[in-house]
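Secondary and tertiary structure notes
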Amino acid sequence: SNRPSRGRATSRRTRPTLAHPRTKPMVTDNLRRVRALANHVDPARGVPAHHRPGFTVAVLGAAGGIGQPLSLLLKRTALVEHLHLYDIANVAGVAADVSHVNSDATVRGFTGPAQLGAALSGAHLVVIPAGIPRKPGMSRDDLFNVNAGIVRDLVAACAKHCPKAILNIISNPVNSTVPIAAEVLKKEGVYDPKKLLGVTHLDVMRARSFVAEALGADPCAVDVPVVGGHAGITILPLLSQTSTGQTTSPSRVALTPTQIEHLTERVQNGGTEVVNAKAGAGSATLSMAAAAAEFAAACLRALAGHRNVTVCAYVASDAVKGVPFFATKLRLGRQGVEHNYGLPTKGLSPYEKVALDTLVPELVASIDKGVAFAGGDEAHRRRAAQQRRAAAGTAGNSDVRASGVSQIPA
């Protein structure tokens, strides 16, 4: 008989099926390509936490009204591996409290000048909210005499112990404290303008929130660039550039002149609104902490290699002639500011053009005040005076540099 025997049939049924010899390598190669592409788009995506790039972040002024909630938020920030909390007193309890939050970041507290160097050692990012807060009737300039000295001394320590770190300056008045920091770093021979950023992100948050409230929109889907400085009329939300929707295909929003004027004034006076509402019990500490944490997270993403990280910040710039520091939209990279988008060359409303001209003299005066406090050299003081005169002389047509050209000095 030609029928196969029972034994041979049984043997055929139990014989294992072998995969094609190329199947496994092909699958492995495809997975490798997919993973490489995912890492190119987002370096931290799909990577186990213990393999992700982690950074050391130091908060100077961690026991204060901004420092405490800021430290809490940074503890929950994914790219923070070591969180160093420094203050002149009461920081040990803050560090112990924050350390109980269940995230990967380790927390250490450092108290007093003797431990400042240890707090800064190995830091990739230093966030400085140190200083006294605003009180009712107090302007940011009233803070200058105390906070200027605090920033000067802390930045000098940064220059010594972590000269390559990115510095986020929160201490007010930012319009003056950032120039102070720049002068200190210059004296120490470690100044890199790409790594010194004044945090104006709270102005952006306020603009987004207030515009979204007026439009009945999602605040997380609203984008409003805020330029200039970080005090009063030097804060200029470019409401003509407001957009909503996805970042890949945003749509412009048309606001009425009345809305633009009202919203601009509210953003400019946002800090005073909170100070008055707290009736002497504090300033905008919680919203500032949220803004600072969000801004710090953006800096860390850029350090980790994420692409297209854009923020608004107050930096060394020639976006406006005669104004050496100016807040504009920036793109961050591994070395700090990678590209400065400058100011839009067209599309500004008449109200915004007048406001831009108006803010220049006040902003330049604040910059000069900071430079003078830090003991800038005589050549710089003469140049600052010339820039002030030039700014006053061109107030009717502020010399706006073309958008899309890098504005950051080498």
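Refer to the structure presented above.
This text gives an overview of the structure that appears in the document. None of the values given here were measured: they were computed from a predicted structure.

1. Regarding the overall build of the protein
Counting its regular elements, the protein contains 13 helices and 14 strands. Put simply, the protein has 410 residues, and 49% of those count as buried. For the protein, long-range pairs separated by at least 24 residues make up 70% of all intrachain contacts whose partners lie at least 6 apart in sequence. Accessible surface, the protein: about 19,900 Å² in total, of which carbon and sulfur atoms supply 53%.

2. Brief notes about the sheet that holds strand 10 (residues 243-244)
Judged by pairing direction, the sheet is antiparallel, and its three strands sit side by side in the order 7-10-11 without closing on themselves. The two strands at the open ends of the sheet, each matched to only one other strand, are strand 7 (222-223) and strand 11 (251-252).

3. Considerations on empty space enclosed by the protein
Evaluated as defined, the whole model comprises one cavity of 30 Å³ or more. Considered as a void within the structure, the largest cavity measures approximately 60 Å³ in volume. Lining the largest cavity are C158, A159, C162, P163, A165, L167, L185, V190, D192, K195 and L196. Of the residues that constitute the lining of the largest cavity, the class distribution is nine nonpolar, no polar and two charged.

4. A look at helix 10 (residues 270-277)
Every buried residue of helix 10 is accounted for by G270, G271 and V275. Angular distribution of buried residues about the axis of helix 10 spans 135°; they occupy a single face of the element. As for helix 10, its buried residues are in contact with helix 8 (201-215) and helix 9 (257-268). The positive-phi residue at the C-terminal boundary of helix 10 is A279, with phi of around 50°.

5. Let's talk about helix 3 (residues 67-75)
The periodicity of an α-helix, 3.6 residues per turn, causes residues three or four places apart in sequence to face the same way. If you check which residues of helix 3 are buried, you get G67, P69, L70, S71, L74 and K75. Where helix 3 is buried, its residues touch strand 1 (55-60), strand 2 (80-87), helix 4 (91-99), strand 3 (106-111), strand 4 (125-128) and helix 11 (285-303).

6. A short note on the side chain of T242
Topologically, T242 is positioned in the loop between strand 9 (235-237) and strand 10. Side-chain polar atoms of T242 contact the backbone oxygen of L239, separated by 2.8 Å. Setting aside residues no more than four positions away along its own chain, T242 makes contact with V211, V222, D223, V224, S251, R252, V253 and L255.

7. What about the packing of aromatic side chains?
Overall, the coordinates contain two aromatic pairs when judged by the stated rule. With centroids separated by 5.5 Å and ring planes inclined at 85°, the aromatic side chains of F144 and F373 adopt a geometry described as edge-to-face. You can see F144 sitting in helix 6 (residues 144-161) and its partner F373 sitting in helix 12 (residues 350-373), a full 229 residues away along the chain. When its relative accessible area of 30% is taken as the criterion, F373 is described as partly exposed. With a centroid separation of 6.0 Å and 35° between ring planes, the pair formed by Y314 and F325 is classed as tilted. With Y314 in strand 12 (residues 309-316) and F325 in strand 13 (residues 325-333), this pair connects stretches of sequence that are 11 residues apart. The ring of F210 is capped by R266, whose NZ or CZ atom sits 3.8 Å from the centre of that ring. When the ring centre of Y341 is taken as origin, the NZ or CZ atom of K329, which lies over that ring, is 5.6 Å away.

8. Description of the pairing of strand 2
For strand 2, a buried count of six out of eight residues is recorded, marking the element as mostly surrounded by other parts of the structure. One ladder, built from six bridges, connects strand 1 with strand 2; its direction is parallel. Looking at strand 2, one finds that A58 is bridged to H84. Two elements, strand 2 and strand 3, share six bridges in a ladder whose sense is parallel. Along strand 3, the bridge assignment pairs H84 with R108. At this point the chain moves from strand 2, through helix 4, to the parallel strand 3, and the crossover so formed is right-handed.

9. Description of the pattern of salt bridges
Under the definition given, this model contains eight salt bridges. Note that K194 is salt-bridged to D192, the shortest N-O span being 3.2 Å. Residue classification places K194 among the partly exposed residues on the basis of a relative accessible area of 24%. For R266, the salt bridge is made with E213, and the minimal N-O distance between the two is 3.4 Å. Within this pair, whereas R266 is found in helix 9, its partner E213 is found in helix 8, the two being separated by 53 residues in sequence.

Cut-offs applied
- Residues numbered from 1 in each chain as written.
- Predicted model: local features only at pLDDT ≥ 70, side-chain atom pairs only at ≥ 80, totals over all residues.
- Heavy atoms only, no water.
- Helix = DSSP H or I, 4+ residues; strand = E, 2+ residues; numbered from the N terminus.
- Buried < 20%, exposed > 50% of the residue type's maximum accessible area, 1.4 Å probe, protein only.
- Contact = heavy atoms within 4.5 Å.
- Areas by Shrake-Rupley, 256 points an atom, 1.4 Å probe, with all protein chains shown as cover.
- Pairing = 2+ DSSP bridges.
- 1 Å grid on protein atoms, 1.4 Å probe; cavity = no way out; pocket = protein on both sides within 12 Å on 5 of 7 lines; lining within 4 Å.
- Points joined across faces, edges and corners; volume = space filled by probe spheres on them.
- Nonpolar A, V, L, I, M, F, W, Y, C, P; charged D, E, K, R; others polar.
- Arc of directions from axis to C-beta.
- Polar contact = N/O pair within 3.5 Å; in protein donor to acceptor, adjacent residues only side chain to side chain.
- Phe/Tyr/Trp six-rings, centres within 6.5 Å; stacked < 30°, edge-to-face > 60°.
- Lys NZ or Arg CZ within 6 Å of the ring centre and 35° of its normal.
- Right-handed = clockwise from strand over helix to strand, strands pointing away.
- Salt bridge = Lys/Arg side-chain N within 4 Å of Asp/Glu carboxyl O.

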